[in-house]
Amino acid sequence: MQLNLNDIIGIPGASKPFEFSLALPAPTACIMCGPALISGYVYNIAGALELRGEIQATMTCACDRCMASFTMKKTQPVTAYLAEILSNEANPDIFLLENGSVDLDEVFTTAFLLDMESKIVCDEDCAGLCITCGANLNDGSCACKLDVDPRLAALQQLLDTDNAASSNAKEVSVWRFQRVRYQDRDETNGAAPIGSWTRPTSLSVPSATHIACPIGLAELAVPTRTEK
Ligand SMILES: [Zn+2]
Ligand SMILES: [Zn+2]
């Protein structure tokens, strides 16, 4: 929508309202974005034009941890400055007027996309998917977890720490897969590995010794039987 501001450009203290519906593009982390309600005012403050508005959008997103689709409402305040001549092109908050009009679609679409998170979760406490069977752990724990002898509780805790990385479980499993995949190539040929050997610092994966430790003991983790 084009908003003509010729009637307030020369009048300090004047303002002009706007309200319209805008089809916004779905951000990368979302599947779909419904039409957004855009509203606000352009103010002439001592000769400078300032836009203050708001975006009310409803999006359909897929959770980055459990993949479930969910609806997300977002209200985003937007401030922008409008000018007839652009003296500082590096400032992304300044938009150029054309014949006294501002392109509000451009102002709000730019603000919306720049503000969007690259990863979206259905809930901050989302438990994600089991890295072994793929079950959605928000629906309850899966069968992958065995009851262990109380004497081995410490070992179980160690394994739980491993599983607790559910928020980045997908990335962790990819990282481990790459290690296994390229290990042979690296050790036998001395060639540089294709995949990444360095654990990404963002991942909370247990250390190498942490992973190696339970393997020998795992055979002892016999499920306990409840006598009836
Ligand atoms: Zn989720
Ligand atoms: Zn499982």
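Keep in mind that what you see is a predicted model, and the values were worked out from it rather than measured.

Cut-offs applied
Numbering of residues starts from 1 in every chain and runs along the sequence as written. Just so you know, chain letters begin at A and ligand numbers begin at 1, following the order they were written in. Restriction of local features to residues with pLDDT of at least 70 applies here, the model being predicted, together with a cutoff of 80 or more for giving and counting side-chain atom pairs; totals for whole chains, interfaces and linings are based on all residues. Strands here mean DSSP runs of E at least two residues long; helices mean DSSP runs of H or I at least four residues long; both are numbered from the N terminus. Any residue whose C-beta has 12 or fewer other C-beta atoms within 10 Å is treated as exposed, any with 20 or more as buried, and any in between as partly exposed, C-beta atoms being built from the backbone. Here, a nonpolar core denotes buried Ala, Val, Leu, Ile, Met, Phe, Trp, Tyr and Cys residues that are linked to one another through C-beta atoms within 7 Å. Note on contacts: each residue gets a C-beta atom placed from the backbone, and two residues are in contact if those atoms are within 7 Å. How far a helix is expected to stretch is found by multiplying one less than its residue total by 1.5 Å. Arc, as used here, means the arc of the directions from the helix axis to the C-beta atoms. pLDDT gives the predictor's per-residue confidence on a scale running from 0 to 100. Only strands joined by at least two bridges in the DSSP assignment are considered to pair.

A. Structural detail: unusual backbone geometry. Phi at Met-67 takes a positive value of approximately 70°, unusual for a residue other than glycine. If you trace the backbone, Met-67 turns up in the loop between β5 (48-62) and β6 (69-83). Note on Met-67: 13 C-beta atoms within 10 Å, which makes it partly exposed. Of note in the backbone geometry, Asn-99 takes a positive phi value of approximately 55° without being a glycine. Inspection of the secondary structure assignment puts Asn-99 in the loop between β7 (94-96) and β8 (101-103).

B. Molecular detail of the nonpolar core. Counting 19 residues, the largest nonpolar core has Ile-55, Leu-82, Val-107 and Phe-108 as its most contacted members. Those elements that provide at least two residues to this core are β4 (36-45), β5, β6 and α2 (104-115). Counting residues per element, this core draws most heavily on β5, which supplies 6 residues. Contact partners of Leu-82, with chain neighbours within four places excluded, come to Val-42, Leu-49, Leu-51, Phe-95, Leu-97 and Val-102.

C. Highlighting the environment of Ala-46. Within the element layout of this structure, Ala-46 appears in the loop between β4 and β5. Distance from Ala-46 to Gly-13, taken between C-alpha atoms, is 6.9 Å for residues 33 residues apart in sequence.

D. Fine view of α2. The end-to-end C-alpha distance of α2 is 17 Å, a good match for the 16 Å that 12 residues give at a rise of 1.5 Å each. What α2 keeps buried is the set Leu-104, Val-107, Phe-108, Ala-111 and Phe-112. Down the axis of α2, the sector holding all buried residues measures 120°, keeping them to one side. Those residues of α2 that are exposed and aimed more than 90 degrees away from the buried face are Glu-106 and Leu-114.

E. How the structure looks around the confidence of the model for the protein. In this model, the protein carries a mean pLDDT of 77, and residues with pLDDT of at least 70 account for 63%. Within the model, the stretch residues 177-199 combines pLDDT values under 50 with 12 contacts to residues more than four positions away or in other chains. Across residues 205-224, confidence stays below pLDDT 50; counting only partners more than four residues off in sequence or on other chains, it has 23 contacts.

F. Expanded view of the pairing of β6. Pairing of β5 with β6, which is carried by 14 bridges, proceeds in the antiparallel orientation. Across the sheet, the residue bridging to Met-59 is Met-72, located in β6. Where β5 hands over to β6, the hairpin turn is made up of 6 residues, of which Met-67 adopts a positive phi near 70°. Pairing between β6 and β7: 3 bridges, direction parallel. Bridge pairing links Tyr-81 to Ile-94 in β7.

G. Spatial organisation of the environment of Asn-4. Considering the arrangement of structural elements, one finds Asn-4 in strand β1 (residues 2-4). The class for Asn-4 is partly exposed, based on 13 C-beta atoms found within 10 Å. For the pair formed by Asn-4 and Val-102, sequence separation is 98 residues and the distance between their alpha carbons is 6.6 Å. With near-sequence residues (within four places) excluded, Asn-4 lies in contact with Gly-100 and Ser-101.

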